[in-house]
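# Examination of the molecular architecture
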Amino acid sequence: MDSMQTKLLSSKPTNLHICHQFTNLCRIKTCAFPVRDDRSFKLVSHQNDSPASQNLIYLPQRRHRHAIATNAHSSAHTYIVDKCGSDQVHSITKQERVGVLLLNLGGPDNLDDVQPFLYNLFADPDIIRLPRLFKFLQKPLAKLISVLRASKSKEAYASIGGGSPLLRITNEQAEALKKALQEKQLHADIYVGMRYWHPFTEEAIDQIKKDHITKLVILPLYPQFSISTSGSSIRVLNDIFREDGYFEGLPISIIESWYQRDGYIKSMADLIQRELLSFPNSDEVMIFFSAHGVPVSYVEEAGDPYKAQMEDCVSLIIHELKSRGVKNSHVLAYQSRVGPVQWLKPYTDELIVELGQQGVKSLLAVPISFVSEHIETLEEIDMEYKELALESGIENWGRVPALNCTSSFISDLASLVIEALPTATAVARARNNNGNDKDESDIMQYVVKMLFGSVIAFFLLFFPRFLSLFRNSSL
Ligand SMILES: C=CC1=C(C)c2cc3[nH]c(cc4nc(cc5[nH]c(cc1n2)c(C)c5CCC(=O)O)C(CCC(=O)O)=C4C)c(C)c3C=C
Ligand SMILES: [Fe+2]
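Please read these numbers as outputs of a predicted model, since none were measured by experiment.

Conventions we followed
Residues numbered from 1 in each chain as written. Chains lettered and ligands numbered in written order. Predicted model: local features only at pLDDT ≥ 70, side-chain atom pairs only at ≥ 80, totals over all residues. Heavy atoms only, no water. Disulfide = S-S within 2.5 Å. Buried < 20%, exposed > 50% of the residue type's maximum accessible area, 1.4 Å probe, protein only. Core = buried A, V, L, I, M, F, W, Y, C linked by side-chain atoms within 4.5 Å. Contact = heavy atoms within 4.5 Å. Helix = DSSP H or I, 4+ residues; strand = E, 2+ residues; numbered from the N terminus. Pairing = 2+ DSSP bridges. Axes fitted to C-alpha atoms, helices over the stretch in contact; angles between N-to-C directions. Phe/Tyr/Trp six-rings, centres within 6.5 Å; stacked < 30°, edge-to-face > 60°. Lys NZ or Arg CZ within 6 Å of the ring centre and 35° of its normal. Parallel < 35°, antiparallel > 145°, perpendicular 65-115°, else oblique. Left-handed = near helix turned anticlockwise from the far one by under 90°. Nonpolar A, V, L, I, M, F, W, Y, C, P; charged D, E, K, R; others polar. Bend = angle between axes of the 7 residues up to and from the residue. Near = heavy atom within 4 Å. Polar contact = N/O pair within 3.5 Å; in protein donor to acceptor, adjacent residues only side chain to side chain. Areas by Shrake-Rupley, 256 points an atom, 1.4 Å probe, with all protein chains shown as cover.

## Some points on the state of the cysteines
Counted according to the given criterion, the structure contains 0 disulfides. Counting only cysteine sulfurs, cysteine 313 is the nearest neighbor of cysteine 405, a cysteine outside any disulfide, at a range of 19 Å. When its relative accessible area of 30% is taken as the criterion, cysteine 405 is described as partly exposed.

Structural data, given as structure tokens:
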């Protein structure tokens, strides 16, 4: 990090300087400022040309840039984080009550939850991005798509035991993180906020208020940033922070992405190295990184850094493996596409078939976009893709487990939290009194929107081309 040259393309030289100092001081690779909440995320910074050292950051709003500048001077004395890499908290005021909010996606606890869970997911404007004029269709469409998709999803959840393991694993990670922080001399309360199922982000926020947390670190459990994942959760939080007076003075640090951290990269390399040894011919195994996809428009139109971060992440892991003498070939592909639009390519299923045709005999699948086992590792990779690979001529198939509670990984997350503490900034959050949010609470308008939208959504059911698009893409 120290050698990295950050260029804030659109910021003034003074801000550039301060941001530099700030990140070097805290050894944090992501700047901690709330993301823009208009969902048109703007990519403003690249580092060197080399993908391994590329660092992508967003243009913070002017007031946030100011907040960063102020913070660099004001809060460093509260928590002293050793610049030389030791990550123990040396000094902390007794009155402080530190909270860490882990953000995650959430998943259905049982099969009855599947359709309402899918509804919440598709009702998210960061998952189905409709033009402003068609926003009123969001909820009826979510209803329609969730109903159409529910049986397929239920089958998948049934095959992994009838529900998502995500909450259990996230709770275990929270517990492990708490212990790891204690070992580094920081007592913190850990909260889990899920985006689409219980415990919802809003529930976690209520608890944070009840517990009178005085400093908050927000840590999405997604290593790479996407508008559809961390971005969506952070947008929800920003909406809450704008409305709730409690958060006006609360110092908060938001970690947007953390895939570049040594601890994460090394933990991933450890898992891959270990799994390679289980093959009869380790040297000939192709390492197949499989990331959750996003629609191409996220990257090309909305400036989602997800693809660039994913590619950077893969090259960092490969670099680490090479430094250990592991020289296997590798590929990166994207899985789990949904709906009729183009998603990031190559698609995992298509690439597996292609590699089989090219005569590749051994594949090691590495789920790369998520740190817990979930439906897409346990069902999609372990069942669907394994079967496809064997049918396509791949003779040896393996899969790297998710990091879950791997101790080197959790310990690094604890260091990340500690490094983020001095960046926690109280940003004056203006209450939003414009009409947009009031629309939502206007019951009459809501009912009209729902009725009108439902009629259109229903009409779409009888629009054969539209529907067949969804059917073809197995919604
Ligand atoms: C980095 C990870 C993820 C990205 C990016 C992402 C984008 C994204 N997802 C959908 C649609 C669905 N995702 C579903 C489940 C699901 N998604 C992620 C992660 C990312 N999603 C996880 C970890 C999970 C699993 C949760 C669990 O219960 O284990 C589902 C539901 C399952 C299914 O029916 O397949 C859907 C649907 C979209 C549309 C999208 C980007 C726009
Ligand atoms: Fe997803």
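## A look at the nonpolar core
With 81 residues, the main nonpolar core has Leu101, Leu181, Tyr264, Ile272 and Phe289 as its most contacted residues. In contact with leucine 181, other than residues within four places in its own chain, are Val100, Leu186, Ala188, Ile190, Ala414, Val417 and Ile418.

## Section: the pairing of strand S6 (residues 330–335)
Side-chain positions along a regular strand alternate between the two faces of the sheet. With 5 of its 6 residues buried, S6 lies for the most part within the structure. Where strand S5 (residues 286–292) and S6 come together, 6 bridges link them in parallel fashion. Across the sheet, serine 290 pairs through a bridge with alanine 333, a residue of S6.

## Overview of the sheet that holds strand S2 (residues 188–194)
Taken together, 4 strands build an open sheet; the order of strands is S2-S1-S3-S4 and the sheet is parallel. Unpaired on one side and paired on the other, S2 and strand S4 (252–254) mark the two borders of the sheet. On average, each strand axis in the sheet is inclined to that of its neighbour by 20°, with strand direction left out of account. Across 7 bridges, the pairing between strand S1 (residues 98–104) and S2 is parallel. Residue pairing for S2: leucine 102 is matched across the bridge by valine 192. This element, helix H5 (residues 166–183), spans S1 and S2 of the sheet and lies at about 160° to S2. Strands in contact with helix H7 (residues 227–243) are S1, strand S3 (215–220) and S4; relative to S1, the strand with the most contacts, it is inclined by about 130°.

## Describing the packing of aromatic side chains
Counted under the stated rule, the structure contains 6 aromatic pairs. Among the aromatic residues, ring-to-ring pairing joins Phe241, Tyr246 and Phe247 into one connected group. The ring centre of tyrosine 298 lies 5.3 Å from the NZ or CZ of arginine 129, which sits over that ring.

## A few points about the packing of helix H3 (residues 114–122) against helix H4 (residues 138–159)
Axis angle and axis distance: for two packed helices, these are the angle between their axes and the distance between the axes, and together they describe the pair. Axis separation between H3 and H4 bottoms out at 7 Å; the angle between their running directions is 135°. Judged by the inter-axis angle, H3 sits oblique to H4. By crossing handedness, the relation of H3 to H4 is classed as right-handed. The residues of H4 that touch H3, namely those facing Val114, Gln115, Phe117, Leu118, Tyr119 and Phe122, are Gln138, Lys139, Ala142, Lys143, Ile145, Ser146, Val147, Arg149, Ala150, Ser153, Lys154 and Tyr157. Class assignment of the residues belonging to the contact of H3 with H4 gives a composition of 10 nonpolar, 4 polar and 4 charged.

## Some words on helix H12 (residues 375–391)
Residue pairs spaced three or four apart in an α-helix point in one direction, given the helix's 3.6 residues per turn. Maximal helix bending in H12 amounts to about 35°, located at isoleucine 381. Among all positions in H12, only Ile375, Glu376, Thr377, Glu379, Glu380, Ile381, Tyr385 and Ala389 are buried. Next to the buried residues of H12 lie H4, S5, S6, helix H11 (348–357), strand S7 (362–367) and strand S8 (396–399).

## As for the environment of serine 151
In this fold, serine 151 is placed in helix H4. Classification of serine 151 by relative accessible area gives exposed; the value is 52%. Distance from serine 151 to isoleucine 190, taken between C-alpha atoms, is 35 Å for residues 39 residues apart in sequence.

## Examining the site of ligand 1
In the vicinity of ligand 1 there are 30 residues, among which Arg149, Ser153, Tyr157, Ser164 and Ile375 approach most closely. Between ligand 1 and the protein, one listed contact pairs an oxygen atom with a backbone N or O atom of isoleucine 375 at 3.0 Å. With the chains in place, 96% of the 800 Å² that ligand 1 exposes on its own is no longer accessible. Every element with two or more residues in the shell around ligand 1 is listed here: H3, H4, H7 and H12. Looking at which element gives the most residues to the shell around ligand 1, the answer is H3, with 4 residues. Grouping the constituent residues of the shell around ligand 1 by class yields 18 nonpolar, 10 polar and 2 charged.

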